[in-house]
Amino acid sequence: METKAFIFDLDGVIVFTDKFHYQAWKKMADRMGICFDETINNRLRGVSRMDSLEIILERYEGAPLSQPEKEALAEEKNESYRKLLATMTPADVTDQVRETLKELRGRGYKLAIGSSSKNARFILEKVELLDAFDAISDGNNIANSKPDPEVFLKAAEYLGEDPAACIVVEDAYAGVDAAKAGGMCAAAIGDAASYEKADYKLEVFEDLLKIGL
Ligand code: B16
Ligand code: MG
């Protein structure tokens, strides 16, 4: 089927907020006496906030935590994280990303965000990219996170396009799995570029211009 739209993951594709996720989780983990390092942080890529917390709590040696206690920890992390996000500016998006998005739109493709993050709109506002997308599907409008295809299927629905006419751009294995489970093509960048399930492998973001002709 002819490609009509691109659906972009946010963190790891358009912006790089993993360092902020790391700092915010680290602060919470240190306070709780939980061992947390960059290797564990890598497992959080593309994973929802509560699922990320569960991964961090694998190293927690205290008494089992109740659901409200876990929610309070996730909220504590999110408050620190949003303080860090608030420092973002348009300079946090490369010219290459901005120009490629503009060019794809100029070629007639619809563009959407498909992110697990509940902070997606806040981030896009800070980097002044809200207007670059025709639709935003994020952690606020889904019940199941990647590798479930829900976030991308919603994005296709918001765009009014058939999932088979959409190419998902992802940096996480779970995101590539989600795209394939939704019947979409997957273009992988960064970490996921070595994943054999990806239909396209991008060395750099502007390689998308070779796909979206
Ligand atoms: P939040 P993406 C994901 O964004 C991040 O990669 C992941 O590390 C994070 O836990 C998740 O969003 C939830 O973020 O706490 O802001 O709701 O890669 O799907 O754009
Ligand atoms: Mg990502």
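## Focus: the pattern of salt bridges
(1) Moving on: Taken as a whole and assessed by the stated rule, the structure comprises 16 salt bridges.
(2) Moving on: With a shortest N-O distance of 3.0 Å, K70 and E54 are connected by a salt bridge. Residue K70 is located in helix α4 (residues 67–85), and its partner E54 is located in helix α3 (residues 49–57); the two are separated by 16 residues in the primary sequence.
(3) Moving on: Classification of K70 as buried rests on a relative accessible area of 15%.
(4) Moving on: Exposure remark for E54: the relative accessible area of 35% places this residue in the partly exposed category.
(5) Moving on: When the shortest N-O distance is used, the salt bridge between E103 and R107 registers 3.0 Å.
(6) Moving on: Judged by relative accessible area, which is 35%, E103 ranks as partly exposed.
(7) Moving on: For R107, a relative accessible area of 34% translates into the label partly exposed.

## A short note on the site of ligand 1
(1) Moving on: Every one of the 19 residues lining ligand 1 counts as a neighbour, but V47, S115, S117, K118 and N119 are closest to it.
(2) Moving on: D9 is positioned such that a nitrogen or oxygen atom in its side chain is 2.9 Å from an oxygen atom of ligand 1.
(3) Moving on: Note that an oxygen atom of ligand 1 is positioned 3.4 Å from one of the side-chain N or O atoms of S52.
(4) Moving on: Protein chains bury 98% of the 470 Å² of accessible surface belonging to ligand 1 in isolation.
(5) Moving on: Elements with a minimum of two residues in the shell around ligand 1: α3 and α4.
(6) Moving on: Across the shell around ligand 1, the residue classes break down as four nonpolar, eight polar and seven charged.
(7) Moving on: Inspection of the shell around ligand 1 shows a minimum of three residues originating in each of domain 1 (5–16 + 90–210) and domain 2 (18–85).

About the criteria used
Residues numbered from 1 in each chain as written. Chains lettered and ligands numbered in written order. Predicted model: local features only at pLDDT ≥ 70, side-chain atom pairs only at ≥ 80, totals over all residues. Heavy atoms only, no water. Salt bridge = Lys/Arg side-chain N within 4 Å of Asp/Glu carboxyl O. Helix = DSSP H or I, 4+ residues; strand = E, 2+ residues; numbered from the N terminus. Buried < 20%, exposed > 50% of the residue type's maximum accessible area, 1.4 Å probe, protein only. Near = heavy atom within 4 Å. Polar contact = N/O pair within 3.5 Å; in protein donor to acceptor, adjacent residues only side chain to side chain. Areas by Shrake-Rupley, 256 points an atom, 1.4 Å probe, with all protein chains shown as cover. Nonpolar A, V, L, I, M, F, W, Y, C, P; charged D, E, K, R; others polar. Domains from an automatic or database assignment.

On their own, these measurements won't tell you what the molecule is for.
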